[in-house]
Amino acid sequence: MELKTDLTLDAKGLACPMPIVKTKKTMKDIEAGQVLEIQATDKGSKADLEAWAKSAGHQYLGTIEEGDVLKHYVRKSSGEEEQEKKHPNVVNNEDLDALRKNDDVLVLDVRESAEYAFEHIPEAASIPLGELDERADELDRSKNVYIVCRTGNRSDLAAQKLTEKGFENVYNVVPGMSGWNGETTKL
């Protein structure tokens, strides 16, 4: 089935956060109501683009897989004046490193499982962003939840999701694993 789109963006071969960065830039150039097709090969792009579209006020329509290519469809909203939401509670890597072994701290890694497997903070629990809605109840609500991803983008979206679900002490860790100098382990 061929879907009618107004513009196609080639983000194949790009890793997080580049598909979102390119999508944000392209969305500025299309008219409200138009549909953008984003072609990507990064498996994490499905959850990333869906969450980004929601936070930016655009309509995520869905994804079609064709071989190794994911074709994402996003409809531009008419409310361009709406600001993209950002989670207000942010900590840096050094603060997390100092706190991570405390009993009241839960470190949550929302990168894809393959990213987590190759390098992660030893205490970190792994729930990829795309699974967070279904698995949020696995998390201890009484703890301070520090969320990490590669750069702080997915963790920002995850922090918003957990706050919407009633979690009270949620922190986005920036810049995340791309700038992490603390202890790491792998599976």
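Residues numbered from 1 in each chain as written. Predicted model: local features only at pLDDT ≥ 70, side-chain atom pairs only at ≥ 80, totals over all residues. Heavy atoms only, no water.

## Description of the sheet that holds strand 1 (residues 7–11)
Within the open sheet, the four strands sit side by side as 1-2-4-3. Their pairing is mixed. Of all strands in the sheet, those with a lone pairing partner are strand 1 and strand 3 (59–66), marking the two edges. In this sheet, neighbouring strand axes are inclined to one another by 20° on average, regardless of whether the strands run parallel or antiparallel. Along the sheet, helix 1 (residues 18–27) makes contact with strand 1, strand 2 (35–40) and strand 4 (69–75), crossing strand 1 at roughly 155°. (Pairing = 2+ DSSP bridges. Helix = DSSP H or I, 4+ residues; strand = E, 2+ residues; numbered from the N terminus. Axes fitted to C-alpha atoms, helices over the stretch in contact; angles between N-to-C directions. Contact = heavy atoms within 4.5 Å.)

## What about the packing of helix 2 (residues 45–56) against helix 6 (residues 153–164)?
Relative orientation and spacing of two packed helices are given, respectively, by the angle between their axes and the distance between those axes. In contact at an axis separation of 10 Å, helix 2 and helix 6 are set at 65° when each is read in the N-to-C sense. By crossing handedness, the relation of helix 2 to helix 6 is classed as left-handed. The segment helix 2 lies against helix 6, with Asp48, Ala51, Trp52, Lys54 and Ser55 engaging Arg154, Leu157, Gln160, Lys161 and Glu164. Among the residues forming the contact of helix 2 with helix 6, the class breakdown is three nonpolar, two polar and five charged. (Left-handed = near helix turned anticlockwise from the far one by under 90°. Nonpolar A, V, L, I, M, F, W, Y, C, P; charged D, E, K, R; others polar.)

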